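# Descriptive analysis of the structure
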Amino acid sequence: MELDETDLSIVRELQTDGRLTYETLAQRVGLSRPATRMRVQRLQESGAVRVVAIVHPAVRSLSASAHLSISTEGAAAEVARAIAALPQAPFVTLTSGRWAIMTELRTAGFGELERAIERIRATPGVRTVDPLVATRHVKDPYLLTEEPTVTALDAVDQRILAELEDDGRLPFAELAQRVGLSAGATRSRTLRLLDGGVAKVVALVRPDVLGMGFLCGFSLRVAGEASAVAAQVERLTRVTFLSTCLGRAELVGTITAESIGAVRAALEEMRALPAVREVESWFHLELVKERYDIGPRPA
């Protein structure tokens with residue numbers, strides 16, 4: 001799907017706030033409300049853009065996470081799809097380099113994380129699994145990294161979150177019908193959840209749609225404190241994800257860029273940091289799965 005400048009403007013606005021009203025969105029991009037609504041619906045129906053609520057991991061009791069580098073016996077595509085079927089795996093890609101598959105796991109505690117890793121090791125076609133256990137999420141384009149200020153959630157709050165995870169732009173009137181409240185009460189509760197850092201509604205966009213079709217993963221071995229290096233790497237414009245971790249490296253992350261040259265430049269910036277001792281990188285060739293509506297949800 002080809003996007004013009006107006007489409008791209010709409011996408012960027014929705015990446016910042018996925019629940020912008022059509023009126024506000026129309027004013028910002030210079031269209032009428034009906035034209036703006038039509039474009040948003042077209043973007044969503046094409047599959048290029050999904051507008052969903054991303055719930056803070058703590059709210060879903062997801063206290064442990066890891067990034068797994070996986071090699072396979074033979075072809076990797078079927079193995080990747082099998083891993084993508086696991087509810088603990090929100091992100092799975094086919095990659096270049098010595099690892100065939102990269103996946104992220106998020107679980108309710110380290111016991112469940114260990115069991116999920118063992119299940120992947122036992123998956124037919126998996127040769128080896130090398131986990132990097134996350135200690136702190138430093139930068140993430142979607143997931144909230146700060147602790148929520150609202151902590152007391154009841155069953156209605158959880159239902160609101162579950163509905164918005166499926167459709168982040170669900171109108172308050174329809175959301176109210178689904179959760180059994182008035183539109184005013186639903187709006188008040190929803191804004192409380194969003195303003196309190198419990199969730200955020202964003203547009204999930206394929207990078208190629210924005211002309212940023214080159215995704216490069218990397219891991220860094222560093223000297224000294226990893227947090228100090230993380231603060232430097234976080235400031236690099238094309239670094240869109242970064243986590244400190246335990247394992248064969250101290251940092252793991254993602255570069256999102258418009259060209260091979262831009263990827264190379266970002267890697268060179270990292271190599272130039274005095275505390276960086278080793279850089280390993282790989283390209284994400286195919287996004288097999290990207291869904292963050294994981295963890296226990298209300299029935």
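Please read all numbers here as calculations on a predicted model, not as lab measurements.

The secondary structure content of the chain amounts to ten helices and ten strands. In terms of overall dimensions, the chain has C-alpha extents of about 55 × 45 × 40 Å along its principal axes. By the burial criterion, 49% of the 299 residues in the chain qualify as buried. Accessible area of the chain: about 13,900 Å², with a carbon and sulfur share of 51%. Put simply, the chain has 36 plus and 38 minus side-chain charges, and the middle of one group is 1 Å from the middle of the other.

For any pair of aromatic rings, the description consists of the separation of the ring centres together with the inter-plane angle of the planes. Counting across every chain of the model gives zero aromatic pairs. The side chain of Arg19 reaches across the aromatic face of Phe172, ending 4.6 Å from its centre. Between Arg169 and the ring centre of Tyr22, over which it is positioned, the NZ or CZ distance is 4.6 Å.

A few words now on helix H6 (residues 155-166). The end-to-end C-alpha distance of H6 is 17 Å, a good match for the 16 Å that twelve residues give at a rise of 1.5 Å each. Those residues of H6 not exposed but buried are Asp157, Gln158, Ile160, Leu161, Ala162, Glu163, Leu164 and Glu165. Summarising the contacts, the buried residues of H6 are in contact with strand E1 (49-55), helix H7 (172-179), helix H8 (183-195) and strand E6 (199-205). One side-chain oxygen at the N-terminal end of H6 lies 3.1 Å from the backbone nitrogen of Val156; it belongs to Asp154.

Locating Ser71 in the fold gives a position in strand E2 (residues 64-72). Here Thr128 takes part through its side chain, which lies 2.4 Å from a polar atom of the side chain of Ser71. Those residues in contact with Ser71 that sit more than four places away from it in its chain are Arg98, Trp99, Ala100, Gly125, Val126, Arg127 and Thr128.

The subject of this paragraph is the pairing of E1. Two faces make up the sheet, and in a regular strand the side chains alternate between them. Here E1 lies mainly inside the structure; six of its seven residues are buried. Taken together, the seven bridges between E1 and E6 define a ladder with antiparallel strand orientation. Within E6, the residue paired with Ile54 across the bridge is Lys200.

Let us look at the environment of Thr95. Among the structural elements, Thr95 can be located in strand E3 (residues 91-95). Through-space distance from the C-alpha of Thr95 to that of Ser69 is 9.5 Å; in sequence the pair is 26 residues apart. Each residue touching Thr95, except ones within four places of it in the same chain, is listed here: Ala100, Ile101, Met102, Trp282, Phe283, His284 and Leu285. For Thr95, the side chain forms a polar contact with the main-chain oxygen of Trp99, separated by 2.8 Å.

A word on the packing of H7 against H8. For the pair H7 and H8, interaxial distance at closest approach is 8 Å and the crossing angle is 95 degrees. Between H7 and H8, the crossing angle belongs to the class labelled roughly perpendicular. Residues Phe172, Ala173, Leu175, Ala176 and Val179 of H7 form the contact with H8, whose participating residues are Ala183, Thr186, Arg187 and Thr190. Split into classes, the residues belonging to the contact of H7 with H8 amount to six nonpolar, two polar and one charged.

Attention shifts here to the sheet that holds E3. In space, the eight strands of this closed barrel follow the order E2-E4-E3-E10-E7-E9-E8-E5, with antiparallel pairing throughout. Across the sheet, the axes of successive neighbouring strands diverge by a mean angle of 35 degrees, strand direction being ignored. Pairing geometry for E2 and strand E4 (residues 101-107), over seven bridges, is antiparallel. Across the sheet, Ala64 pairs through a bridge with Thr107, a residue of E4. With respect to the sheet, helix H5 (residues 110-121) is in contact with E2, E4 and strand E5 (126-139), its orientation differing from that of E5 by roughly 150 degrees.

Rules used throughout
Residues numbered from 1 in each chain as written. Predicted model: local features only at pLDDT ≥ 70, side-chain atom pairs only at ≥ 80, totals over all residues. Heavy atoms only, no water. Helix = DSSP H or I, 4+ residues; strand = E, 2+ residues; numbered from the N terminus. Buried < 20%, exposed > 50% of the residue type's maximum accessible area, 1.4 Å probe, protein only. Areas by Shrake-Rupley, 256 points an atom, 1.4 Å probe, with all protein chains shown as cover. Lys, Arg positive; Asp, Glu negative; His and termini not counted. Charge placed at Lys NZ, Arg CZ, Asp CG, Glu CD. Phe/Tyr/Trp six-rings, centres within 6.5 Å; stacked < 30°, edge-to-face > 60°. Lys NZ or Arg CZ within 6 Å of the ring centre and 35° of its normal. Expected span 1.5 Å × (residues − 1). Contact = heavy atoms within 4.5 Å. Polar contact = N/O pair within 3.5 Å; in protein donor to acceptor, adjacent residues only side chain to side chain. Pairing = 2+ DSSP bridges. Axes fitted to C-alpha atoms, helices over the stretch in contact; angles between N-to-C directions. Parallel < 35°, antiparallel > 145°, perpendicular 65-115°, else oblique. Nonpolar A, V, L, I, M, F, W, Y, C, P; charged D, E, K, R; others polar.

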